Every structure is written in structure tokens, then in C-alpha cells.
Amino acid sequence: MTRTRVAYEELARRLRERALLLSTKAALEWDEETYLPPSGVEHRSQQIAQLAGMAHEMLVSPRIGELLGEATSEPWEDSRSTEAVNLREWSRLYRRNQRLERALVEEEARVVSVAQHAWAEARRARSFALFRPHLERVLDVKRRQAQALSEGGDPYDALLEEFEPGMRSTRLGALFTALRPELLSLLDRIRGASRQPDPRTLQRRIPAEPQRRLCEHLARALGYDFTAGRLDTSAHPFSTHLGPGDTRITTRFYEEDLCEGLFGTLHETGHALYDQGLPVEHFGTPRGDAASTAIHEAQSRLWENFVGRSLGFWRHAWPLLQHEWAGHFEDISLPDFHFSINRVRASLNRVRADEVTYNLHIFIRFELERALLSGALDAKDLPEAWNAAYREQLGLTPPDDAEGCLQDGHWSAGMFGYFPTYALGNILAAQFFAAATRELGDFEEAFARGEFSRLLSWLREHVHAHGQTFWADELIQEATGGPLSHTWLVEFLTRKYSALYGF
Ligand code: ZN
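Since the model is a prediction, treat every value here as computed from it, not as a measurement.

So, about the coordination of the zinc ion. Ligation of the zinc ion by protein atoms is provided by H267 (NE2), H271 (NE2) and E297 (OE), these donors lying 2.1 to 2.2 Å from the ion. Counting gaps between the donor residues of the zinc ion yields the pattern H-x3-H-x25-E. Taken together, the residues H271 in helix α10 (residues 258–277) and E297 in helix α11 (residues 293–307) connect sequence positions 26 residues apart. Judged on exposure class, the residue H271 and its partner E297 are both buried.

Below you can see the structure in the form of C-alpha cells.
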């Protein structure tokens, strides 16, 4: 074996051990969100902090630096080979973590842990004043981190890099600036349409148990493998990949809001289908990992919206719904139901927003978080800036901070740079769906027959199987034959909503 090969093998062994440790941590986190008794929270946070510290040590140890140096001392022939991909990503991860002092990593963990509790408390009290000192502390830590990571470059980009390798805020800004007027003009046409869904269609109480049964049916129909996963409930829905053969999803059920559980499940199913499609033999290395946060979100959005809110899907699911929710929807026709689950209107809430207005919520957060990080916006002025943006862009003013700038927990968790990946995910979902449609033909009739496997196979082949071989830009080019573009989303939404609303 050559020297570079020997170094590579030792690296792979060490970093696979670290991946095992991190997946153990993920299992404990899943348990914390689902079944952990309240009195166990304190001990659990110690377990998780211990594992996080160990994983950090395993990564930044001098030996890893030496091995990376040796393994990359001669170029690997094929830049797409497993070895080249893993070394590229390990080097990136190592360099990034090397730039952060352990003290700063630990300080962030402490600050956001307290800030997240303070945020939840402030949200309950509907008062930003309670959260403000914590947001200031989080911002202080994130600015120092961004400084350390950026090495003179743009600090926001340095944070964005954690979620979306290679992406830059100037590009995102241009993309969003191009998309915004298209969405606003579509929203205008929808508002002015004479045909509107009847808001009472979905106003009925469905107990949690029949909701869960239907959601399980639908997740299974889409291809989610329950022998390698499970569906539970948690306060905030999520999906977690614990390792080969174990990808779990959660949702939440509100008796008076059936969309929450239903589309929450379809969304997390989309995330899980990606993880269940990653190459098992590469588990614990970048080659077996998801490409990026936005590519992940593109999978969830594709299944939630492009499939789960389509008429074809509901032609298949309608009899299942009538069976599981017997007596609740007998007075409603399928077209009326389909129209209602696609109701578009400006609202104050991101999570419950429809496909047309969702990205407008993201654009607002993207601008505000950049201004907060750079210091152009002072934390104390956030509520005012937030409300002004909502007034200007959506024509609505939040009645209080809970429905305004306190609605999302990302900033309290230190996740600056995460929000834009939601909008990017929507844009990419449209692009992937259009490419799959071009190749395989319209899916409507297949969906109506309950056939989702052809679409899933397409995603498996063009996206999932690649792991982290490509960053988002290259993956899109490979999978769809064209560069990242918002036009597919505009085209899809225009076609769909002009048909629904009749304009
Ligand atoms: Zn998601």
C-alpha cells in the first residue's frame, strides 16, 4: 500500500469512529425530543455535551491534521472518487473546526442553551424584552465565530458555509431579488381571483389517532420504509438519520388543524427518503452523507408540496382519508378538499405558510439576520424592523412579538445562515421535479394509482446515491442538466395556481 493509501485508511477508521459517536448522540437527542421523562433532561444534556466534546476532540486532534497532510500529499486521480470526495470534505471540516478555539465552541453551547430557554419563555410571555439580552449574547458569540471562520471574507458567508458549502450571500441576494416580484405578482392575481376556497372546508376536529393512522399509510405509500424507521410525535417535527437501517421521523397532531400533522409528516418523510437512499456502504463518511441543508430541504419540499399537495396524490389518498376519517369529510368533494389544502393567503406565520408566500417569510429573515450579524441592525430594534418588513411585504402587522420576531427558534439556537436554505430548498425542489417530469413524463396518473416509486427511483439515482460527491451547484447541474434557477419554481406555481384559482 502506498503512503497516501495508508494515511487515508487510518483517517477513514478514525472519522468513522467519530461518526458512530455522533450517531449515538443523535439517538439520545431523538429520545430527548420524544420519550425522555422531564426529570431526565438535566442528565441528558450532560450526556450530550460529553459526546459533543469527545467528537470535537476526535476531529481536531493533531493526528488528523498529519493524516490529512499525508493522504493529500499526492493528488488522487479522479476528483469524484470516494477517496477524493471524502478527503475534500474532511479537510474542509477539519480546517473549519481548527479555526474555532475550543473555548469559543463551549461558550456558544452555553449561551445558546440558556438563550433557547429564554426564547421559549419570552415567546410564552409574548415579550421580546425578555429575549433581547440573550439575543445580544448570541450575536456577540456568533460575530466572533464568524470572524474566526471568515479569515477576512464575509462573516455571514462563513456561517452560511456550515449549511450550504460554496454558497454566498450575494448570490442568494440576487436570486431572492429576482424571485420576490414574481411571487408578489402571483399573490396579487390570487387575491384578485373570483374563485376562492371555502375556509370552512378544513374546519373539523379529527382525533390524533385516526390522523396518525392516515399519516402512516401515506408515508408508507411514498416509499418510507417502516422496517428501517418509525413515526412518533414531538413538539417540533423533525427527521433524524441514526445510521443504516434507522431513519426516524416525528410529527405533531392538532385535532382542529389537520394540515399540521398531515403535511408535517409528508415533509419529514421527504427528508427521511433522502437519508434512506444514501449509500449504506459509505456510512460515516462524507460520501455517504447528504449533500447540503438545501438539498435536504429540496427533498422534503418536493414530497410535501409537489407530490403531497397535488391532485394526483389526493386521487390516491382520498379513499384512504374517507376510510380512516369516516364521517368527517363525507360532505366534501375531492376538488374542494384539494383547493382548500392549497389555499394561498398572506399570513404572519412561516411554518403554516402556503407555497406562494412561504419564501417571502424567508426573504425577510435573510435580510434581518444579515443586518443583525453585521451590526447594521441593533438587537433592540429587531421587533420594529420585523414588523415594518411584514407590513411592507405582506401587508400585515403582527399583534405581538410572539407572532412576530419570536416565532422561530433558529436565532436563539445560534443558527444564523440557516433560513436561506429553506427558500433554496423550495427553488431546488421545483428544479428537480421539473427534470424528473421531463425525463419520465407527467406524474399525475401514476400518483393517482399510488405509484410513487418511479419518482423516488429518479431521486435515488440522480441525488441520493451521490452522497456528498457534489456541492449543490454541481449536483443540480448533474441531475437536471442546467444551473440553479428560480424560473422552475415560478413556472410551476403559476401553472398550478392559475388553474386552481381560475385566472
Ligand atoms: Zn425540512
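The discussion continues.
What follows is about the nonpolar core. In this structure, W303, W314, F329, F432 and L455 are the most contacted members of the largest nonpolar core, which totals 131 residues. If you tally residues by element for this core, the top one is helix α16 (residues 419–440), at 12 residues. Discounting residues that sit within four places of it in the chain, F329 has contacts with T201, L202, R204, I206, L258, W318, L321, Q322 and F337.

If you walk through the whole model with that rule in mind, you get 52 salt bridges. Across the pair E57 and R102 runs a salt bridge whose closest N-O atoms are separated by 2.6 Å. Residue E57 is located in helix α2 (residues 41–60), and its partner R102 is located in helix α5 (residues 102–125); the two are separated by 45 residues in the primary sequence. Among the residues examined, E57 registers a relative accessible area of 38% and is labelled partly exposed. Its salt-bridge partner being E355, residue K496 comes within 2.7 Å of it at the nearest N-O pair. With K496 in helix α20 (residues 487–501) and E355 in the loop between α13 (334–341) and α14 (358–374), this pair connects stretches of sequence that are 141 residues apart. Overall, E355 belongs to the buried group, its relative accessible area being 9%. Among the charged side chains, a salt-bridge network with shared partners connects E209, R212, R213, E216, R220 and E324.

So, how was this worked out
- Residues numbered from 1 in each chain as written.
- Predicted model: local features only at pLDDT ≥ 70, side-chain atom pairs only at ≥ 80, totals over all residues.
- Heavy atoms only, no water.
- Donors = N, O, S within 2.8 Å, 3.2 Å for Na, K, Ca; no water.
- Helix = DSSP H or I, 4+ residues; strand = E, 2+ residues; numbered from the N terminus.
- Buried < 20%, exposed > 50% of the residue type's maximum accessible area, 1.4 Å probe, protein only.
- Core = buried A, V, L, I, M, F, W, Y, C linked by side-chain atoms within 4.5 Å.
- Contact = heavy atoms within 4.5 Å.
- Salt bridge = Lys/Arg side-chain N within 4 Å of Asp/Glu carboxyl O.

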